[in-house]
Amino acid sequence: MVRPRRVFAQHWLKSDKALNAIIQAANCIPSDRVLEIGPGTGILTRRLLPLVKSLVAVEIDRDLCTLLAKQLGKTENFLLLQGDFLTLDLTSHLAAFTNFQNPNKVVANIPYNITGPIIEKLLGTIANPNPEPFDSIVLLVQKEVAERLYAQPGSKTFGALTVRVQYLAECELICTVPASAFHPPPKVDSAVVRLHPRQLENPAVSPRQLENLVKLGFGAKRKMLRNNLQPILERDRLTHLLEQLEINPQARAEDLSVQQWVTLANELGVGSRQWGDEG
Ligand code: SAH
(Lines give C-alpha, C1' and ligand atoms only; values in the text may rest on other atoms or scores of the structure.)
Protein backbone atom coordinates (compact mmCIF):
# COMPACT_ATOMS: atom_id res chain seq x y z
CA MET A 1 0.00 0.00 0.00
CA VAL A 2 1.22 3.52 -0.83
CA ARG A 3 2.15 5.49 2.27
CA PRO A 4 -0.34 8.32 2.78
CA ARG A 5 1.03 11.89 2.99
CA ARG A 6 -0.40 14.26 5.48
CA VAL A 7 0.30 17.44 3.50
CA PHE A 8 -2.11 16.33 0.82
CA ALA A 9 -4.74 15.15 3.33
CA GLN A 10 -4.40 11.59 2.09
CA HIS A 11 -6.68 9.01 3.66
CA TRP A 12 -7.25 5.92 1.53
CA LEU A 13 -10.78 4.68 1.51
CA LYS A 14 -10.81 0.96 2.20
CA SER A 15 -14.44 0.18 3.00
CA ASP A 16 -16.41 -1.68 0.33
CA LYS A 17 -19.61 -0.49 1.87
CA ALA A 18 -18.61 3.17 1.54
CA LEU A 19 -17.33 2.67 -2.02
CA ASN A 20 -20.57 0.99 -3.03
CA ALA A 21 -22.60 3.80 -1.48
CA ILE A 22 -20.66 6.38 -3.50
CA ILE A 23 -21.03 4.41 -6.73
CA GLN A 24 -24.73 3.91 -6.18
CA ALA A 25 -25.30 7.57 -5.36
CA ALA A 26 -23.48 8.61 -8.53
CA ASN A 27 -25.97 6.61 -10.55
CA CYS A 28 -23.63 6.45 -13.55
CA ILE A 29 -24.82 5.71 -17.07
CA PRO A 30 -22.64 4.78 -20.06
CA SER A 31 -22.77 8.28 -21.54
CA ASP A 32 -21.47 9.98 -18.36
CA ARG A 33 -18.27 12.01 -18.41
CA VAL A 34 -17.01 12.01 -14.86
CA LEU A 35 -14.61 14.30 -13.03
CA GLU A 36 -12.77 12.90 -10.01
CA ILE A 37 -10.72 15.08 -7.68
CA GLY A 38 -7.91 13.36 -5.79
CA PRO A 39 -8.01 9.78 -7.13
CA GLY A 40 -5.22 8.78 -4.74
CA THR A 41 -4.36 5.15 -5.40
CA GLY A 42 -7.37 4.83 -7.68
CA ILE A 43 -9.66 2.69 -5.58
CA LEU A 44 -12.77 4.66 -6.57
CA THR A 45 -11.42 5.37 -10.07
CA ARG A 46 -11.19 1.66 -10.91
CA ARG A 47 -14.80 1.11 -9.96
CA LEU A 48 -16.05 4.07 -11.94
CA LEU A 49 -14.16 3.47 -15.19
CA PRO A 50 -16.17 0.45 -16.45
CA LEU A 51 -19.44 2.32 -15.83
CA VAL A 52 -18.86 5.53 -17.73
CA LYS A 53 -17.89 6.99 -21.08
CA SER A 54 -14.89 8.83 -19.71
CA LEU A 55 -13.26 9.84 -16.45
CA VAL A 56 -10.83 12.69 -15.95
CA ALA A 57 -9.01 12.71 -12.62
CA VAL A 58 -7.01 15.58 -11.11
CA GLU A 59 -4.32 14.52 -8.63
CA ILE A 60 -1.75 16.83 -7.03
CA ASP A 61 0.73 14.19 -5.86
CA ARG A 62 3.31 13.47 -8.58
CA ASP A 63 4.29 10.09 -7.16
CA LEU A 64 0.69 8.93 -7.15
CA CYS A 65 0.32 10.18 -10.71
CA THR A 66 3.29 8.08 -11.79
CA LEU A 67 1.73 5.07 -10.14
CA LEU A 68 -1.73 5.68 -11.59
CA ALA A 69 -0.26 6.27 -15.04
CA LYS A 70 1.54 2.94 -14.81
CA GLN A 71 -1.54 1.06 -13.68
CA LEU A 72 -4.30 2.78 -15.65
CA GLY A 73 -2.39 4.53 -18.43
CA LYS A 74 -3.64 2.12 -21.08
CA THR A 75 -7.28 2.47 -20.10
CA GLU A 76 -8.78 4.38 -23.00
CA ASN A 77 -11.53 6.22 -21.16
CA PHE A 78 -9.17 7.49 -18.42
CA LEU A 79 -7.33 10.81 -18.43
CA LEU A 80 -5.09 11.89 -15.57
CA LEU A 81 -4.12 15.51 -14.95
CA GLN A 82 -1.39 16.27 -12.46
CA GLY A 83 -1.97 19.51 -10.58
CA ASP A 84 -3.86 21.42 -7.93
CA PHE A 85 -7.57 21.16 -8.67
CA LEU A 86 -8.18 24.61 -7.18
CA THR A 87 -5.90 26.45 -9.57
CA LEU A 88 -6.06 24.18 -12.60
CA ASP A 89 -7.94 25.50 -15.64
CA LEU A 90 -9.84 22.34 -16.50
CA THR A 91 -11.41 23.63 -19.71
CA SER A 92 -8.11 24.58 -21.31
CA HIS A 93 -6.47 21.32 -20.20
CA LEU A 94 -9.28 19.37 -21.81
CA ALA A 95 -9.25 21.34 -25.05
CA ALA A 96 -7.32 18.63 -26.86
CA PHE A 97 -9.33 15.71 -25.44
CA THR A 98 -12.78 15.66 -27.01
CA ASN A 99 -14.05 12.65 -25.08
CA PHE A 100 -13.27 14.19 -21.72
CA GLN A 101 -14.64 17.69 -22.24
CA ASN A 102 -17.49 19.15 -20.19
CA PRO A 103 -17.75 16.43 -17.56
CA ASN A 104 -21.37 16.16 -16.41
CA LYS A 105 -20.82 14.43 -13.07
CA VAL A 106 -18.38 14.72 -10.20
CA VAL A 107 -17.62 11.72 -8.02
CA ALA A 108 -14.87 12.02 -5.44
CA ASN A 109 -13.44 11.32 -2.05
CA ILE A 110 -11.84 14.73 -1.72
CA PRO A 111 -9.01 16.11 0.45
CA TYR A 112 -10.82 17.46 3.53
CA ASN A 113 -8.48 20.41 4.07
CA ILE A 114 -9.89 22.13 0.96
CA THR A 115 -13.53 21.02 1.05
CA GLY A 116 -14.99 24.55 1.00
CA PRO A 117 -12.89 25.81 -1.93
CA ILE A 118 -13.58 22.60 -3.91
CA ILE A 119 -17.34 22.98 -3.48
CA GLU A 120 -17.09 26.63 -4.47
CA LYS A 121 -15.13 25.77 -7.60
CA LEU A 122 -17.71 23.14 -8.55
CA LEU A 123 -20.83 25.21 -7.88
CA GLY A 124 -19.55 28.76 -8.20
CA THR A 125 -20.93 31.42 -5.87
CA ILE A 126 -24.35 33.07 -5.49
CA ALA A 127 -23.14 36.03 -7.54
CA ASN A 128 -21.14 33.91 -10.00
CA PRO A 129 -22.69 30.47 -10.36
CA ASN A 130 -20.87 27.93 -12.49
CA PRO A 131 -22.24 28.68 -15.98
CA GLU A 132 -22.05 25.00 -16.89
CA PRO A 133 -23.51 23.29 -13.85
CA PHE A 134 -22.92 19.57 -13.29
CA ASP A 135 -25.85 17.16 -13.34
CA SER A 136 -24.78 15.84 -9.98
CA ILE A 137 -21.89 15.99 -7.54
CA VAL A 138 -21.27 13.10 -5.15
CA LEU A 139 -18.65 13.78 -2.51
CA LEU A 140 -17.24 12.15 0.56
CA VAL A 141 -16.69 14.96 3.09
CA GLN A 142 -16.29 15.47 6.83
CA LYS A 143 -19.56 14.65 8.57
CA GLU A 144 -19.59 18.06 10.20
CA VAL A 145 -19.44 19.78 6.80
CA ALA A 146 -22.05 17.41 5.39
CA GLU A 147 -24.42 18.40 8.20
CA ARG A 148 -24.04 22.04 7.25
CA LEU A 149 -24.68 21.29 3.58
CA TYR A 150 -28.03 19.55 3.99
CA ALA A 151 -29.16 21.43 7.12
CA GLN A 152 -32.78 22.52 7.42
CA PRO A 153 -33.74 25.97 8.76
CA GLY A 154 -33.95 26.10 12.52
CA SER A 155 -31.16 23.60 13.08
CA LYS A 156 -27.87 24.52 14.72
CA THR A 157 -25.88 23.43 11.68
CA PHE A 158 -27.73 25.79 9.32
CA GLY A 159 -25.20 28.51 8.49
CA ALA A 160 -23.91 30.84 5.81
CA LEU A 161 -22.41 27.85 3.96
CA THR A 162 -25.85 26.21 3.94
CA VAL A 163 -27.46 29.21 2.29
CA ARG A 164 -24.61 29.70 -0.20
CA VAL A 165 -24.68 26.05 -1.27
CA GLN A 166 -28.44 25.42 -1.13
CA TYR A 167 -29.02 28.56 -3.19
CA LEU A 168 -27.19 26.77 -6.00
CA ALA A 169 -27.93 23.11 -5.40
CA GLU A 170 -30.21 20.66 -3.71
CA CYS A 171 -28.23 18.75 -1.08
CA GLU A 172 -28.89 15.33 0.34
CA LEU A 173 -27.20 13.01 2.77
CA ILE A 174 -26.51 9.58 1.32
CA CYS A 175 -24.90 7.93 4.33
CA THR A 176 -22.40 8.47 7.09
CA VAL A 177 -18.99 6.77 6.94
CA PRO A 178 -17.00 5.98 10.08
CA ALA A 179 -13.36 7.06 10.40
CA SER A 180 -12.42 3.37 10.44
CA ALA A 181 -13.33 3.14 6.75
CA PHE A 182 -10.02 4.87 5.90
CA HIS A 183 -6.33 4.24 6.17
CA PRO A 184 -5.19 6.08 8.18
CA PRO A 185 -8.45 6.95 9.94
CA PRO A 186 -9.06 10.72 9.93
CA LYS A 187 -9.86 12.45 13.21
CA VAL A 188 -13.48 12.92 12.20
CA ASP A 189 -16.31 10.83 10.83
CA SER A 190 -17.36 11.35 7.23
CA ALA A 191 -20.46 11.35 5.09
CA VAL A 192 -21.41 10.89 1.46
CA VAL A 193 -23.47 13.79 0.13
CA ARG A 194 -25.07 14.39 -3.24
CA LEU A 195 -25.59 17.85 -4.70
CA HIS A 196 -27.93 18.57 -7.59
CA PRO A 197 -27.19 21.99 -9.05
CA ARG A 198 -30.38 23.78 -10.07
CA GLN A 199 -31.88 27.23 -10.34
CA LEU A 200 -34.12 28.44 -7.54
CA GLU A 201 -37.65 29.18 -8.69
CA ASN A 202 -37.43 32.72 -7.34
CA PRO A 203 -33.79 33.75 -7.53
CA ALA A 204 -32.32 36.89 -6.01
CA VAL A 205 -32.82 40.10 -7.97
CA SER A 206 -29.32 41.10 -6.95
CA PRO A 207 -27.23 38.02 -6.11
CA ARG A 208 -24.43 40.27 -4.87
CA GLN A 209 -26.78 41.82 -2.31
CA LEU A 210 -27.92 38.41 -1.17
CA GLU A 211 -24.32 37.35 -0.67
CA ASN A 212 -23.61 40.40 1.44
CA LEU A 213 -26.81 40.03 3.42
CA VAL A 214 -26.03 36.41 4.27
CA LYS A 215 -22.52 37.34 5.36
CA LEU A 216 -23.82 40.10 7.60
CA GLY A 217 -26.80 38.12 8.89
CA PHE A 218 -24.68 35.24 10.10
CA GLY A 219 -21.97 37.61 11.33
CA ALA A 220 -22.46 37.32 15.07
CA LYS A 221 -23.64 33.89 16.11
CA ARG A 222 -26.58 33.47 18.45
CA LYS A 223 -27.66 37.06 17.94
CA MET A 224 -31.04 37.92 16.61
CA LEU A 225 -31.01 38.63 12.89
CA ARG A 226 -32.33 42.15 13.39
CA ASN A 227 -29.32 42.98 15.56
CA ASN A 228 -26.86 41.58 13.05
CA LEU A 229 -28.49 43.59 10.29
CA GLN A 230 -28.45 46.90 12.15
CA PRO A 231 -25.64 48.32 10.03
CA ILE A 232 -27.92 48.33 7.00
CA LEU A 233 -31.35 48.89 8.49
CA GLU A 234 -32.70 50.45 11.60
CA ARG A 235 -34.09 47.94 14.07
CA ASP A 236 -37.68 49.08 14.01
CA ARG A 237 -37.87 49.16 10.25
CA LEU A 238 -36.35 45.72 10.06
CA THR A 239 -38.78 44.37 12.66
CA HIS A 240 -41.60 45.75 10.56
CA LEU A 241 -40.20 44.25 7.38
CA LEU A 242 -39.72 40.84 9.00
CA GLU A 243 -43.32 40.93 10.20
CA GLN A 244 -44.47 41.79 6.72
CA LEU A 245 -42.62 38.78 5.37
CA GLU A 246 -44.14 36.62 8.11
CA ILE A 247 -40.76 36.01 9.65
CA ASN A 248 -40.60 36.07 13.44
CA PRO A 249 -38.88 39.39 14.31
CA GLN A 250 -36.89 37.54 16.95
CA ALA A 251 -35.58 35.01 14.44
CA ARG A 252 -31.91 34.21 14.29
CA ALA A 253 -30.08 33.88 11.01
CA GLU A 254 -30.35 30.07 11.06
CA ASP A 255 -34.15 30.18 11.28
CA LEU A 256 -34.71 31.57 7.77
CA SER A 257 -35.10 29.26 4.82
CA VAL A 258 -33.04 29.91 1.69
CA GLN A 259 -36.14 31.28 -0.03
CA GLN A 260 -36.76 33.62 2.90
CA TRP A 261 -33.20 34.91 2.62
CA VAL A 262 -33.84 35.63 -1.04
CA THR A 263 -37.13 37.39 -0.30
CA LEU A 264 -35.51 39.45 2.43
CA ALA A 265 -32.64 40.48 0.16
CA ASN A 266 -35.07 41.40 -2.59
CA GLU A 267 -37.24 43.46 -0.24
CA LEU A 268 -34.25 45.23 1.29
CA GLY A 269 -32.89 45.95 -2.15
CA VAL A 270 -35.93 47.97 -3.16
CA GLY A 271 -35.04 51.63 -2.80
CA SER A 272 -32.26 51.04 -0.31
CA ARG A 273 -28.84 52.63 -0.40
CA GLN A 274 -26.05 50.82 -2.19
CA TRP A 275 -25.51 48.57 0.82
CA GLY A 276 -25.24 45.55 -1.39
CA ASP A 277 -22.12 46.80 -3.12
CA GLU A 278 -20.13 47.62 -0.03
CA GLY A 279 -17.23 45.50 1.14
N1 SAH B 1 -9.88 9.16 -3.59
C2 SAH B 1 -8.83 8.43 -2.89
C3 SAH B 1 -7.89 9.37 -2.12
C4 SAH B 1 -8.55 10.30 -1.15
S5 SAH B 1 -7.38 11.24 -0.23
C6 SAH B 1 -9.44 7.39 -1.97
O7 SAH B 1 -10.64 7.40 -1.78
O8 SAH B 1 -8.72 6.56 -1.43
C9 SAH B 1 -7.40 12.79 -1.07
C10 SAH B 1 -6.65 12.79 -2.39
O11 SAH B 1 -6.64 14.12 -2.92
C12 SAH B 1 -5.17 12.40 -2.27
O13 SAH B 1 -4.83 11.52 -3.30
C14 SAH B 1 -4.41 13.73 -2.43
O15 SAH B 1 -3.12 13.59 -2.94
C16 SAH B 1 -5.34 14.47 -3.37
N17 SAH B 1 -5.22 15.93 -3.30
C18 SAH B 1 -4.95 16.71 -2.22
N19 SAH B 1 -4.97 18.00 -2.53
C20 SAH B 1 -5.29 18.09 -3.85
C21 SAH B 1 -5.47 19.16 -4.77
N22 SAH B 1 -5.35 20.43 -4.38
N23 SAH B 1 -5.77 18.87 -6.06
C24 SAH B 1 -5.92 17.58 -6.47
N25 SAH B 1 -5.76 16.52 -5.65
C26 SAH B 1 -5.45 16.76 -4.36
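Residues numbered from 1 in each chain as written. Predicted model: local features only at pLDDT ≥ 70, side-chain atom pairs only at ≥ 80, totals over all residues. Heavy atoms only, no water.

Colleague: So what about the overall build of the chain? Which residues, and what values?
Modeller: Of regular secondary structure, the chain possesses 11 helices and nine strands. Since a compact globule built from 279 residues should have a radius of gyration of about 19 Å, the 21 Å found for the chain is in line with a globular shape. With respect to the principal axes defined by its C-alpha atoms, the chain has extents near 65 × 40 × 30 Å. As displayed, the chain has an accessible area near 14,400 Å², and 49% of this comes from carbon and sulfur atoms. (Helix = DSSP H or I, 4+ residues; strand = E, 2+ residues; numbered from the N terminus. Rg over C-alpha atoms; globule rule 2.2 N^0.38 Å. Areas by Shrake-Rupley, 256 points an atom, 1.4 Å probe, with all protein chains shown as cover.)

Colleague: Tell me what's going on with the packing of helix α10 (residues 235-244) against helix α11 (residues 258-269), and back it up with residues and numbers.
Modeller: Here α10 crosses α11 at 130 degrees, and the two axes come no closer than 11 Å. Comparing the axis directions of α10 and α11 gives the class oblique. Viewed along their axes, α10 and α11 form a crossing whose handedness is right-handed. Residues Leu 238, Leu 241 and Leu 242 of α10 lie in contact with α11, whose contacting residues are Leu 264, Glu 267 and Leu 268. For the contact of α10 with α11, the residue count by class is five nonpolar, no polar and one charged. (Axes fitted to C-alpha atoms, helices over the stretch in contact; angles between N-to-C directions. Parallel < 35°, antiparallel > 145°, perpendicular 65-115°, else oblique. Left-handed = near helix turned anticlockwise from the far one by under 90°. Contact = heavy atoms within 4.5 Å. Nonpolar A, V, L, I, M, F, W, Y, C, P; charged D, E, K, R; others polar.)

Colleague: Explain the site of the ligand residue by residue, including any values.
Modeller: Inspection of the region around the ligand gives 22 residues, with Gln 10, Gly 38, Glu 59, Asp 84 and Asn 109 positioned closest. A distance of 3.0 Å separates a nitrogen atom of the ligand from a polar atom in the backbone of Phe 85. Here an oxygen atom of the ligand and a side-chain polar atom of Asn 109 are 2.6 Å apart. Out of a free accessible area of 570 Å², the ligand has 98% covered by protein chains. Mapped onto the shell around the ligand, the elements with two or more residues apiece are β1 (12-13) and β3 (54-59). Class assignment of the residues belonging to the shell around the ligand gives a composition of 12 nonpolar, six polar and four charged. (Near = heavy atom within 4 Å. Polar contact = N/O pair within 3.5 Å; in protein donor to acceptor, adjacent residues only side chain to side chain.)

Colleague: Describe the pattern of salt bridges, naming the residues involved and giving the relevant values.
Modeller: With the rule as written, the count across this model stands at seven salt bridges. With a closest N to O distance of 2.4 Å, Asp 16 and Arg 47 form a salt bridge. One end of the pair, Asp 16, is in helix α1 (residues 16-26); the other, Arg 47, is in helix α2 (residues 43-48), with 31 residues separating them in the sequence. Residue Asp 16 is classed as partly exposed on the basis of its relative accessible area of 46%. Arg 194 is paired through a salt bridge with Glu 172; the nearest N and O atoms lie 2.8 Å apart. Here Arg 194, found in strand β9 (residues 190-197), pairs with Glu 172, found in strand β7 (residues 169-177); they are 22 residues apart in sequence, far enough to count as distant. Accessibility expressed as a relative area gives 17% for Arg 194, which makes it buried. (Salt bridge = Lys/Arg side-chain N within 4 Å of Asp/Glu carboxyl O. Buried < 20%, exposed > 50% of the residue type's maximum accessible area, 1.4 Å probe, protein only.)

Colleague: Break down unusual backbone geometry for me, with residues and values.
Modeller: Residue His 183 is joined to Pro 184 through a cis peptide bond whose omega torsion reads -10 degrees. Residue position: Pro 184 is located in the loop between β8 (182-183) and β9. One non-glycine residue with positive phi stands out, namely Asn 27, at about 50 degrees. Following the sequence through the fold, Asn 27 ends up in the loop between α1 and β2 (33-37). Asn 27 gets classed as exposed once you look at its relative accessible area, which sits at 53%. We note that Asn 102 has phi near 45 degrees; this positive angle belongs to a residue other than glycine. For Asn 102, the position within the fold is in the loop between α4 (90-93) and β5 (105-109).

Colleague: Residue-level account of the pairing of strand β4 (residues 78-82), with values.
Modeller: Strand residues, when the strand is regular, have side chains that alternate between the two faces of the sheet. The pairing of β3 with β4 spans five bridges and is classified as parallel. By the bridge assignment for β4, Leu 55 is matched with Phe 78. Between the parallel pair β3 and β4, the chain is carried across by helix α3 (residues 62-72), and the sense of this crossover is right-handed. (Pairing = 2+ DSSP bridges. Right-handed = clockwise from strand over helix to strand, strands pointing away.)

Colleague: Quick rundown of the domain arrangement of the chain? Include the residues and the values.
Modeller: Domain boundaries assigned for the chain yield domain 1 (6-197) and domain 2 (207-268). For domain 1 versus domain 2, the separation of C-alpha centres amounts to 33 Å. Of the roughly 1,100 Å² buried between domain 1 and domain 2, counting both surfaces, carbon and sulfur atoms make up 76%. The three residues of domain 1 that bury the most area against domain 2 are Ile 126, Phe 158 and Val 163, which together make up 39% of that side's buried surface. In this structure, the connection of domain 1 to domain 2 is made through zero salt bridges. On inspection of domain 1 and its partner domain 2, the count reaches three residue pairs in polar contact (both at pLDDT 80 or more). Grouping the amino acids of the side of domain 1 that touches domain 2 by side-chain chemistry returns seven nonpolar, six polar and no charged. (Domains from an automatic or database assignment. Buried area = accessible area lost by both parts, 1.4 Å probe.)

Colleague: Mind laying out the environment of Ala 127, listing which residues take part and the relevant values?
Modeller: Relative to the elements of secondary structure, Ala 127 occurs in the loop between α5 (115-123) and β6 (136-142). Separated by 109 residues in sequence, Ala 127 and Ala 18 place their C-alpha atoms 34 Å apart. Not counting chain neighbours up to four residues away, the residues in contact with Ala 127 comprise Pro 207, Arg 208 and Glu 211.

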